[in-house]
Structure formats: structure tokens, C-alpha cells
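# Architecture and fold: a report
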Amino acid sequence: MTAANGTGRGPGADAANGTSRRPLLETRDLSVDFGGLHALDRLDFEVHEGEIVSVIGPNGAGKTTLFNAITATVETSAGDILFEGSSLLGLDPNRVTARGIARTFQNVRLFANMTVLENVMVSQHCRTRQHAFGALFYTPSFRREEAEIRERAENVLSFFGSRLVGYRFDQPAFTLSYANRRRLEIARAMATQPKLILLDEPVAGMNPVESAELTGMIGRLRDEWGFAIVVIEHHMDVVREVSDRVVVLDHGTKIADGDFEDVSNDPRVIEAYLGHGATT
Amino acid sequence: MIRRRRARGGAPRTGVDWFLTFLRVAILTVVAVGILAFIAQEIDTDNPFARWANPDATGLTGAQFRGLIISGVAQGSMYGLIALGYSMVYGVLGFINFAHGEVFMVGAMTGMITSNKLADAGLWESNFIGSLVFIVIVSMIVCTLVAVIMERVAYRPLRGSPRLIPLITSIGVSFFIQNASIVLLGPAAKAYPDVPDWVKDKHTFLQIEGSRILVVVVAAVSMGVLWYLVEHTKGGKAMRAVAEDAEIAALMGINVNRTIVKVFAVGGAMAGLAGILWGILFRSVIHSTGFLPGIKAFSAAVVGGIGHLGGAMAGGLSIGVAESVGPLLILEPLGVSGVSQLRDAVAFAVLIGVLLLRPAGIFGERLPAEDRT
Amino acid sequence: MTATVPPATPTSGVPAEPAPAPTRGALDQDWRRLVRMGAVGAVAQIFIALSNMPVRLDERVIVKPVLSLGYLTLLIVPFAAGHRVGHQIKREGVPVHAAGAHEVAGGAACGALAGGGLSLLAVLLANFDLREPLVNWSPMLAELLAFGNETWFAVVVWLVIGTACGAAGGALRLLGPRTRRAVVTMALAVGGAAVLEPLVVDLAEGMRLEALTDRLYARRGGVNWTSGLGLAAASGILAALGRGRLQQARAHIAELEGASRTRTNGLLILATAAVLVILPLFAGKLTNELLANVGLFVLLALGLNIVVGLAGILDLGYVAFFAVGSYSAAVLTAATSPRINPELPWLVALIVVVVITGLVGLFIGAPVIRMRGDYLAIVTLGFGEIIRLIFLSDWLSGWFGGSQGITKIPGAGIFGLTDVAGTDPRRVFYLVLAFCAIAIYVSWRLERSRLGRAWMAVREDETVAEAMGINTVNVKLLAFVVGAVLGSFSGAIFSAKVGSVFPNSFLILVSIVILVVVIFGGMGNIVGVIAGSAVLIGVLGGPKQPGLLAEFSEFKLLIYGALLIWMMLARPEGLIPSVRRSRELHQQEMAQDAWLKGQVEDDNHNDGGSPKAAPAT
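Reading the values: the criteria
- Here the residue index of a chain counts from 1 through its sequence in written order.
- Working convention: letters from A go to chains and numbers from 1 go to ligands, in the order in which they are written.
- Residues qualify for local features only when their pLDDT is at least 70, as the model is predicted, and side-chain atom pairs are given and counted only at 80 or more; totals for whole chains, interfaces and linings, by contrast, use all residues.
- Helix and strand labels come from DSSP, where a helix needs a run of H or I of at least four residues and a strand needs a run of E of at least two; each type is numbered from the N terminus.
- Radius of gyration: over C-alpha atoms. The globule rule applied is 2.2 Å multiplied by the number of residues raised to the 0.38 power.
- Any residue whose C-beta has 12 or fewer other C-beta atoms within 10 Å is treated as exposed, any with 20 or more as buried, and any in between as partly exposed, C-beta atoms being built from the backbone.
- Think of it this way: build a C-beta for each residue from its backbone, and any pair within 7 Å is a contact.
- The residue classification treats Ala, Val, Leu, Ile, Met, Phe, Trp, Tyr, Cys and Pro as nonpolar and Asp, Glu, Lys and Arg as charged. All others, Gly included, are polar.
- Domain ranges listed in this record stem from an automatic or a database domain assignment.
- Strand pairing follows a simple DSSP-based rule, namely that at least 2 bridges must link the two strands.
- Note on terminology: a nonpolar core is a set of buried residues of type Ala, Val, Leu, Ile, Met, Phe, Trp, Tyr or Cys, with members joined through C-beta atoms within 7 Å.
- Only the stretch in contact is used when fitting a helix axis, every axis being a line fitted to C-alpha atoms; angles between N-to-C directions are given from 0 to 180 degrees.
- A helix's residues, less one, multiplied by 1.5 Å, set its expected span.
- Per residue, pLDDT measures the predictor's confidence, with a range of 0 to 100.
- Handedness of a crossing follows from how the near helix is turned relative to the far one, being left-handed for an anticlockwise turn of less than a right angle and right-handed for a clockwise one.
- Convention used here: a crossover is right-handed provided that the path from the first strand, over the helix, to the second strand proceeds clockwise when the strands point away from the viewer.
- By the definition adopted for this analysis, an angle is roughly parallel if under 35 degrees, roughly antiparallel if over 145, roughly perpendicular if from 65 to 115, and oblique otherwise.

Assigned secondary structure in chain A consists of eleven helices and ten strands. The C-alpha atoms of chain A give a radius of gyration of 19 Å, which matches the 19 Å a tight globule of 280 residues would have. For chain A, the spread of C-alpha atoms along the three principal axes comes to 70 × 40 × 40 Å. Buried positions account for 51% of the 280 residues belonging to chain A.

Take a look at the structure:
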């Protein structure tokens, strides 16, 4: 099932051909400057509903900066970011998440001392409403919502098979193995009930078996949960496996955009990776 | 990863943003109106604007104003010296050494004890400058020791723990030193011996008390020496390297522990010097002497931009002048009565105002690597 | 630092198996470490002696006629040093030695050095006069050190006492865990009986059991040595018999789940509440006053606990809310308030007070909430001081009375039923108790709600919390406001209890003391915070309120400072830690432990449904 993803089927591929449909996420002329360095330089980038896009590029190409710009953790210096047709500029990170974009971090950042279940429960914050009043008076609606939060959390965690369920629920996150931390981070992103998930090197540091398994899960995330997904990844086999479309960044600009085969044969991409002169 | 959120695009978005904008505007308005009213009074106490602001306003004479500025500068340079310790420690370890103010108090106490002993021996009057140098040296040595022991006992074991832990510990250290002073030396205020007339009296030169000139000169000289040490010696370079990134510095063969001890030692020595300056300015010391100057000096470090030597001095001067001039320049013209009681409140308000308007301080902060990310 | 590592024992390969632990020779000491500890002990001894503690506390007798609190302060250091010096750092691969003559000898040597500090001091006292800077450099101290004899006697006797105490400290390591527990329990029982003397006597009077206390305590204070022995024996036997069971019961309760857990907890809470309601009926005025003071600090500590313990915001200006609560209650209820005096009934005023304090909390919170944690600490401290200065200033003295404060504040009338004022501390205590119950309930409910989880997330990692959709500013602000409101309760009760408010009741000192209480008890843990207040405020006393050891009032702040440092260095999670907070503080160690216990699983081998699936692929 996951193998079929590479062939470019799915709604994303259609949308990429016919430009009639509005993309889910779109950046226009997006620039981010750090001092004199253009981390992103007038980048146009788009993601359609139900699409899995890989962002690749050499180190320092601006991949993580793109994620940070979308989730409002860095200042943008020019351009616009549109999500479902309206701008994300000027929103605080938490509002961006509330609009439906969730992310994971390159260096896994869990709430290490909270339990596995709490990690997932707390990330439903922006989807739930109960406040101090309900908690203090233990109102029926408070109890209902708590039960829902818990149920949803368990549901999300069960996506990863038996790894994060059962006795694991009540273990603090820092006791988890590296691969499980990565999984928990994805679970946490899923629990915010996003439309778009940004995965920053999801298989980094995993062994081949774990990596292959997670690759399959990325496909299932789209097919079963309906998320659009952007993946930053260095492992080309993973990229080939999951992507509907591949975007190559170098020095903050887009140098190629298309399906994996086209992109991997693009001379500019080869040059970016292997250096000038490699194509000749 | 950069921590700051994206450009605000001008418009505040949340309730808190609105409130902060309101506060910023309010602070600036109060300052501006106060200064305008002050100017109006200086022109003529009977003009309508001044009357509206404060019907009882009298304005200040030129001499009064100059006196305020000068006492502000003298105190400010003392704050600057203390601020160096806060700034350097924050620059290197990334935590506020709350107990640094107490090191300053220990310096003032040491000076008091030593100078009284000298006065008993008759040396204080006969050779004032020599005695002064002597008490400065003694106080610097004692304060260096106190600061180094403090680092060794209370802070070194905590290196690498969550950042609020050493801060809380330093509150404990501060509390301990203050109360140790009470139980050992008694709770009463203690006086310095009388200083020679040329220190007490106003000089023809600008009509300034000698003590103030002395304080400013001493502060400036030691500041210069310190600057040279940090910028141009091997030890100073090591300090800057550790401040930049302790891990990398260690990999480059710098003994991080020893460098941190040096930072505490230098900060302690400066605080000891400042303690003597306090003694000369106020000639009285009590166990709580370190608290307010300590907080103000920390504010000075923040105002100047923490981790920045020149900034600490500039911040010290700004805080000193602000607290000395501010009440009469801004609050009095606005009709606030009993303004001199609000000096300390003004000093805190400067800190809060700077953090609201320009959180990185005047010269920008230099922080350890982990705090920048 | 310099642990005795035996010269290159090859420890490679198999981890050391439980070798037959050899003892070390009596003279085979790590002398550098020993001398260092002895020197530290000597300095501590001299410091304690010069701080006047021994002279001041000499009047408080622990065991009649053997031991006074004053001498106890001098005995404890050599004892602790002697015990500590035998401590072995347990490392993987380094063999642990069994305790033996080595420990006793080392302890004795170390204790002798520490005691030698006092010998030195005695000589100095006899020959020099340093009374000028050191106020306690007095003949009284010399006399106390020499037990009324010549100087040479002091020199010898302190060496001997130091050696003995140090040896005893070292010998403590020889005892098996069970005996040691019994010994510690005995010491605690006698010490506790002596410390709690005023309380016990007072209660016994209320219950008409004077006969008992007359037997236990000497007429002019202190436990009778005969009864002391009896008490020690009884507690020792009890400890030897019962300790295991107590622990079992605790473990049993901890294991319970679901409904039975809730029921047990409910029963425990009910029992505690019943004791707290009934106890004051038998207690006299002093005890009730003490209980009321402790209660006020419990209330303050619970409020600060929400801010510091749950949301991780270090608020050093917490006293500001206490002050605002007190002052606004005073202005609203007192007829003597200078500008406005609506003379509202206390309960009505309380509602207004809550609103006002909440607004002040917002006003102070909003500018600081985005700052870095440590800046926030200093700025809140600044606000705390500004608020006091404003109440003190002439500028607003027309409103708040300046340094004169507001006096003649009426007591708190509760629905016209009773009037709670300082003259009847029992009613004050009941009022405080009711509000503590509210505060406990609020903390407990909020911690287990969506909001509580958000606080935890913010405390863990603010950037990520924001990226996960939490509005960190609002959430933190709310913690600030909830803390402020709880603090204002305390303030409102305080003004009704004392009947007057002055700016000097609200020094930054109060903030620090509350912080010490919270940290000592255990940040983030309700039970811990309550226990912390009870122990510290009850025994040592609050900033201005005396505790059971009223003689300590001069030294309590010193002790608070030392305690804060020691807690942070040795036990940052506090007396009764919250599970989560201690995880946070010992994360690395716990992760390692978990690793060693095999809890950190290797994914390939623990693949849920299909074990050993890896080779198939």
C-alpha cells in the first residue's frame, strides 16, 4: 500500500496538474533574513489537500527555516503565507496551530516529565474549551470534555500499534526510546487535529527497520487521517517512498519542484548536492 | 532556532499586547508631560501649564539641579561597579547572582571595620590616602574570597541544573549573608570614621563635594583597568570565550572552572571597591545595605545590556541619575508629594520601563550560547 | 570530590558482583578529605558560637539537666561532620567497604578538628578583645565554652566533646538499618517532645491531663531526664516493632487504585480535618494563635505554589498580593480608613478584594509574563517593593495612611454569626482553615484539568507549548491571577486578625519566607507545601510571628537562608516532593536508572505483538 504512493496518485497530484484548485498552504515570495543572510529568498511553495510533499536540500538550504516561518517561530521579512486562502502573518504560533498546522521538531522536543498520555492530552488544548470554572465545579461538561480528551489521546496513540499504549500511558516521556519519542512527537502533532502536519526529519536517528515502518505510517497518516503532510528528509529512499511531490531548496530558493524521478535527474539539483562541475 | 516571534506588523493582537502598548505609551506620556511641566516651571512657576500640573511647584535652582545630577553620577558609578559583577556572571553562567549585592555589603562592612581600626590607631587622619588604599585592598581581597567561596559552595554543584535553581540558591545565599551579618556584627547601623575636610567640603571646582569626585575618579580608573584586563589579557580572552560558549571553550583547552572562578573573583573585587565607595559617600553601613543597591545594579546591568562591560557602567550611570533626578524632574512637577520617598520606586520603574521598551538594553545583550537559542 | 579510588583494580568486563565487603583499617583515612571537613566544621562551630546562638538558646532546656538547646547547637556540627566523613561515594565498579573501626576513627578525628575550632575560639576569647566588630565576643561566651572553668578546661573539653560526637556520628554507620531507624526515632521523639513542649502542655491543660505533662516536663522547661529515657525507650521499641508495618501500610495505600483509592484518600482527609477541627477546642490562646499563623502561611504558600510549583513562574514579589489584599480589605471595612470608608461587611468586602487583587495581578502580570524566567523574578521583586513604597509614601497617605497604616480594622463578620478578630485566635484559625480548604480544593482541581496540563507544558518547554497550540501568555497570566487571589484571601484575613496594617508588614522578606516554605515542603505538591509551612512556620516562626522555638526568632532568618541553600543543593524537590517535580530535577539520573532497569526498551526486541520480528525482514 505504501509502495503505491510513489507513483504520484492521489488528490495532490491532480491539483498539481490543474491549477484550478486553491492550495491548502501557499507561500508567496517568502523571505526570511538573519542579519545579512537570506535564509529564505522569495520562496514560492505550496501544498494541496491530501498531498505529501518532501522538502529536500543540502544543509543550510532553509528547510527548517521554512517550517519555522510557517509556524511563526521566526520573523519573516517579506512575502506572505496563506493557509486555506487567508494569511498566517502576524499570528502567534499557538494561533497558527489552532488554524490547523502542527509540527514536529528536528531535535525531538517532548514535555519530558509529563507522561505519554499527558503529552498527547495537553496538545488538544486549542481544540478544547473548558476553563477554570468547569474544573473547579466539576461540571458535567467538564467531565465530558476530559473523557473526550482522554479518549482522543488514546485513539491517537493506538495509531502506533502497541508501542505507546497500555502501561506506557503513564510513563514519563523521557524514559521512552529514541524512536518512540519521535513517534510520540508525531502523535502529539496529530492530537492538535491539524489539516497539515510538518514533519522535520521524522526518521533521523532511527535504524532501517524503524525507519521503514515510519515511512509506511506517513502514508497512512494521509490515507486514514486525511492530513496533508510536508516532510523534511535526508534519506532519499524515504523521500522516494512517501512523496507525491518533491521540492528542492538551496540557499533559500526553490531549485526544483516535481515528482521524485524528475527532481533526482534535474542537473541543478545534482549540482546543489554534489557541487559545481558534477554535471559536466 | 530563533526565539523571537515574527514582526508584529504594528498592530497589537491580543489583550496583553494592547495592555503593553498602553503601558508603553503611558510611561512615555508621563515622562514627557513631567519633563514639559518641569521646563514650564523653570521658565515661570506661574505659567498656566505648570500651575495645572502642580499648583505648589517651585522648580529647581541651577545649583540644586547640578547637585542632583552629580550625586546621581557618583552613585551611578558605584552601581556600575556592582553591575559589572552581575553582568559578567550572567554573561558567563546565564543566571542572576542575587547574592552579589551582599558581596558589596560585605565590602562596605570590611571597610567600616578596617577604617575604624585605622582610626583607632590614628592612621586614618594622619595618612588618609594611604589608609584609603589600604582599606580598598583589604576589602577587595575579602570580597574576592567571599565571591569565590560562594561560587565553590553554592553554585558550582548546581552547574547544568534548571536555570531557576541557581537563582533560588543565590537568594538563599543573599539571605544567609545578610543575616549572618546581623548575628555576627549586630543589627545596628555602623558608622565610618570621619573623613578629612577636603573630602567633605564642596570644592570651588564646580561646587562638588570631594567625596563625589573621588568616587567618580576611582570608578572610572578601575573600570578602565578592568576593560584592559578583559579585552587584552589571556585570562580576559578566556572569560570572553567561556561567555560565548563554555563547551567549545573547554574543547579549545580553556579551563572553564578556573575561568568562572576568575569571573566571580573579578566581580567580587569590583563589589568590594564599590563597598568602600559607598562608605565614602554615605559613611554608614547596615546589614541591608546590599539589597537595594544590588537590585539597582542588576537593573543597571539590564539597562546597559547584560554581558556588556561598558553597558554596565552606562546603565549604572543612567539608573543613578534617573533615581536622583527623576522624582524631582518628573514626579514633582506632576504634583506627586513626598517624591524623595519614591527614589527606589523610580529605580525599579526604570528597570521595568527598559524591559518593556527595549528588553535587550541600550547596547544589546551578550548572552551565553544556550540562552540565545 | 576526591573519593578513595583503590589503585587501578581491573573492573573491566563483568560488573562487580557483590563482593564480601572488606572493612578498612582505622588509620587508612583519606586525610585530605578528613582535614577539609574538619576545618569546615571548625569554621561552622566558630560561626555558631559567635552568632550568639549558644548563649541565647542556653535557657531553652531540651533534657533537664543534661542538655540545653544552646549546647545542642554546638554538638550537632561535630556529630554531622563525623557522620559525613565516613560517607562513601557509591560508584559502579568501585567496591563499597563495610563500616568498621575506620568510620569511628575517621569520625572521631574529624569531630576533634571541628571541636578544636571551639578550643581555638576559647583561647582567642581569653587573649584578644574583638568586641568592636563582633558583638558577641563576650565573657559570657567564654564562660559558656569553659563550663564556668578556666580557659584550658574549655580547650580540652571541646576537643574531647568533639571527638566523642564525631565518633558517635561515625558509629552511626555501624548500626544496621533497623537499629539506626530506632536510634533516629528515639532522638526525634525526645527532641520533638522538647520542641513541642508549649503545644503539648497547652493541649494537655485543655484536656485536663496536666498530670502527664508534669511528669514529662521539668518545671522550668525541658524534658525530665527520667521521662526522657522512658520516652526514648518507648519510641525505640515502637520503632523497632512498628516501622515495617507503617511502611507497608503506606505502600498498600499507594498501590490502591480507582474507587478504593479515592475512598482511602477521602477517609484520610476526613480524619485530618476532624483532628484540625477538634484540636483547637482543647488548645489555649497561644496554640491557637500559632495554628492561625501557620494557617495563614499555608494559604500564602498554596497560592505561591500555583505560580511557582505548577506554572514554573518564579514570583519574588508575591507579598504584593498579600499587601493589596490586606490594604483593600482594611480600606473597605475600617471606619478609620482615611479617604474612603464604606465599612462593608467583611464577606462583601472580600468579593471586592478578590476583584481588586485579580486586577492588580493582571496589571503586574501582563508586563512581566513574556520576560525570561530570571528577569521576571527580579521584576516581580521590584513590583513587590514598589507596592510597599507606594503604600508607605506621603503621596497616597491620604488613602492608605502612609507609615501610620490603617488601624482599628474590625474583625471579620461571617453572616452575622460570629465576629472573627485577633482577640479570639480560635475563630481566626477556623476561618483560615476554611479558606485553606478552598485553596487546597482549587489547587487540586486545577492541577488535574486542561489548565493544569497547560501549566505543566509551559513549565517544561514554553516554545513547544506554544507550538502545540497553547496560548502561553494567557495561561501563565491566569496562574498569576489565581495565585494573587489566593494571596489576597490571606491578606484579608490577616488585616481582620491583626486589626491594623502597616507597610512594614509587607517586606520582600515575606515573599522570600513563603518561597522557602514552598521549596522546603516540595514545589508543586499540596501536601508538601502544607507540611513545609507547618514545620517551618510552626517551629521557627514566620517573618514576624514567633514559632514554637521562640528563642530562635533572632536566628530564624539565618536558618531560612541556610535551609534554602541546603535544600537546593541536596534535595531540590523538597521534603515531600511532587512526583513530577522530582523527575524534572533528577531527570538524568532517573533516565539512567530506567535504562539500567531495562525500562528503556530496545524497539526491535520489544515489538509489541510480534516479538523477534526483526530477523524476518
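Moving on, we get to the overall build of chain B. When helices and strands are counted, chain B shows 16 helices and two strands. The C-alpha radius of gyration of chain B comes to 22 Å, within 12% of the 21 Å expected for a compact globule of 373 residues. Its C-alpha atoms put chain B at 65 × 65 × 40 Å along the principal axes. Looking at chain B residue by residue over its 373 residues, the buried ones come to 50%. Contacts in chain B between residues far apart in sequence, at least 24 positions, make up 76% of those at least 6 positions apart.

Attention shifts here to the interface of chain B and chain C. Every contact between the two is made by 44 residues of chain B and, on the other side, 44 residues of chain C. Counting residues per element, the ones that place at least two in the side of chain B that touches chain C are α1 (15-43), α4 (100-121), α7 (164-185), α13 (291-304) and α15 (343-357) of chain B. Here the side of chain B that touches chain C takes 15 residues from α7(B), the largest share from any one element. Its residues assigned to classes, the side of chain B that touches chain C shows 32 nonpolar, nine polar and three charged.

Turning next to the domain arrangement of chain A. Here chain A is described as being made up of domain 1 (10-110 + 194-274) and domain 2 (115-175). Using C-alpha coordinates to define each centre, domain 1 of chain A is positioned 29 Å away from domain 2 of chain A.

Here the focus is the pairing of strand β10 (residues 253-258) of chain A. Residues and elements named next belong to chain A. Bridging between strand β9 (residues 245-250) and β10 involves five bridges; their strand directions are antiparallel. The partner of Val248 across the bridge, within β10, is Ala256. Connecting β9 to the antiparallel partner β10 that follows it, the hairpin turn spans two residues, and His251 within it adopts a positive phi of roughly 50°.

To continue, consider the nonpolar core. Membership of the largest hydrophobic core comes to 372 residues, with the highest contact counts inside it found for C:Leu299, C:Ala479, C:Ile514, C:Val516 and C:Leu564. Those residues in contact with C:Leu564 that lie beyond four places of it in its chain are B:Ile168, B:Ile171, B:Gly172, B:Phe175, C:Val516 and C:Ile519.

Here the focus is the sheet that holds strand β4 (residues 78-83) of chain A. Residues and elements named next belong to chain A. Strand order in this open sheet of four strands is β2-β1-β4-β5, and the pairing throughout is antiparallel. Each having just a single partner strand, β2 (37-47) and β5 (86-87) make up the two edges of the open sheet. In this structure, strand β1 (residues 25-34) lies alongside β2, joined through seven bridges in antiparallel fashion. Bridging across to β2, Asp33 finds its partner in His38. Lying over the sheet, helix α2 (residues 63-70) contacts β1, β2 and β4, oriented at roughly 70° with respect to β2.

All names here are of chain A. Backbone geometry places Asp29, a non-glycine residue, at a positive phi of 50°. Taking the number of C-beta atoms within 10 Å as the measure of exposure, Asp29 has 12 and is therefore exposed. The phi dihedral of Ala72 falls on the positive side, at around 65°, and the residue is not glycine. Mapped onto the elements, Ala72 comes out in the loop between α2 and β4.

All right, on to the sheet that holds strand β6 (residues 101-103) of chain A then. Residue and element names in this part refer to chain A. A sheet is described by the order of its strands in space; here six strands give the open sequence β6-β7-β8-β3-β9-β10, paired in mixed fashion. Where the open sheet ends on each side, the last strands, each with one partner, are β6 and β10. Neighbouring strand axes in the sheet, compared pairwise and without regard to direction, differ in orientation by 20° on average. Sheet topology note: the strand β3 (residues 52-56)/strand β8 (residues 228-232) ladder contains four bridges and is parallel. By the bridge assignment, Val55 is partnered in β8 with Ile232.

Structural remark: α-helix, 3.6 residues per turn; residues separated by three or four positions point the same way. Compared with the 28 Å implied by 1.5 Å per residue over 20 residues, the 29 Å span of helix α15 (residues 373-392) of chain C between its first and last C-alpha is a close match. Counting buried positions along α15(C) gives 16 out of 20 residues, so the element sits mostly inside the fold.

All right, on to the environment of C:Glu289 then. Relative to the elements of secondary structure, C:Glu289 occurs in helix α12 (residues 285-310). When the C-alpha atoms of C:Glu289 and C:Asp424 are compared, they prove to be 8.5 Å apart, with 135 residues separating the residues in sequence.

Here chain A shows a mean pLDDT of 82. Residues at 70 or above account for 91%. Note that residues 1-20 of chain A has pLDDT below 50 and, in this model, 35 contacts with residues that lie over four places away or in other chains.

Within the secondary structure, A:Asn59 sits in the loop between β3 and α2. Put simply, A:Asn59 and A:Ala78 are 19 residues apart on the chain and 23 Å apart in space, counted from C-alpha to C-alpha.

What follows covers the confidence of the model for chain B. All names here are of chain B. Of all residues in chain B, 90% have pLDDT values of 70 or greater, and the mean over the chain is 82. Note that residues 1-10 has pLDDT below 50 and, in this model, 15 contacts with residues that lie over four places away or in other chains. Interface confidence for the predicted complex, expressed as ipTM, amounts to 0.87; the pTM equals 0.86.

Another point: the packing of α4(B) against helix α6 (residues 128-155) of chain B. Residue and element names in this part refer to chain B. Where α4 contacts α6, the two axes come as close as 8 Å, and the packing angle between them is 140°. The interaxial crossing formed by α4 with α6 has right-handed handedness. Residues Val103, Val106, Gly107, Thr110, Gly111, Thr114, Ser115 and Leu118 of α4 form the contact with α6, whose own contacting residues are Ser131, Ile135, Val138, Ser139, Val142, Cys143, Val146 and Ala147.

The next subject is helix α21 (residues 508-521) of chain C. Under the 1.5 Å per step criterion, the end-to-end length of α21(C) is 20 Å for 14 residues, consistent within 8% with the ideal 20 Å. With twelve of its 14 residues buried, α21(C) lies for the most part within the structure. Along α21(C), the residues that are buried comprise C:Val510, C:Ser511, C:Ile512, C:Val513, C:Ile514, C:Leu515, C:Val516, C:Val517, C:Val518, C:Ile519, C:Phe520 and C:Gly521. Considering only its buried residues, α21(C) is in contact with α7 of chain B together with α12, α13 (319-333), α15, α22 (526-540) and α23 (556-570) of chain C. Positioned one or two residues after α21(C), C:Gly522 has a phi angle of 130°, which is positive.

We now examine the pairing of β8(A). Residues and elements named next belong to chain A. With respect to burial, β8 is a largely interior element, five of its five residues being buried. Alternating residues of β8 divide into Ala228, Val230 and Ile232 and Ile229 and Val231, and every residue in both groups is buried. Considered for its hand, the β-α-β crossover made up of strand β7 (residues 196-200), helix α8 (residues 208-225) and β8 is right-handed.

Here we come to the environment of B:Tyr90. All names here are of chain B. Checked against the element boundaries, Tyr90 lands in helix α3 (residues 62-93). Exposure remark for Tyr90: the 25 C-beta atoms within 10 Å place this residue in the buried category. Each C-alpha atom of the pair Tyr90 and Met112 lies 29 Å from the other, and the pair is 22 residues apart in sequence.

Their axes nearest at 7 Å, the elements α7(B) and α23(C) cross at an angle of 150°. By the criterion of interaxial angle, the relationship of α7(B) to α23(C) is roughly antiparallel. In this structure, the crossing between α7(B) and α23(C) has a hand that is left-handed. Of the residues in α23(C), those in contact with B:Ile165, B:Ile168, B:Thr169, B:Ile171, B:Gly172, B:Val173, B:Phe175, B:Phe176, B:Asn179, B:Ala180 and B:Val183 of α7(B) are C:Leu557, C:Leu558, C:Tyr560, C:Gly561, C:Ala562, C:Leu564, C:Ile565 and C:Met568.

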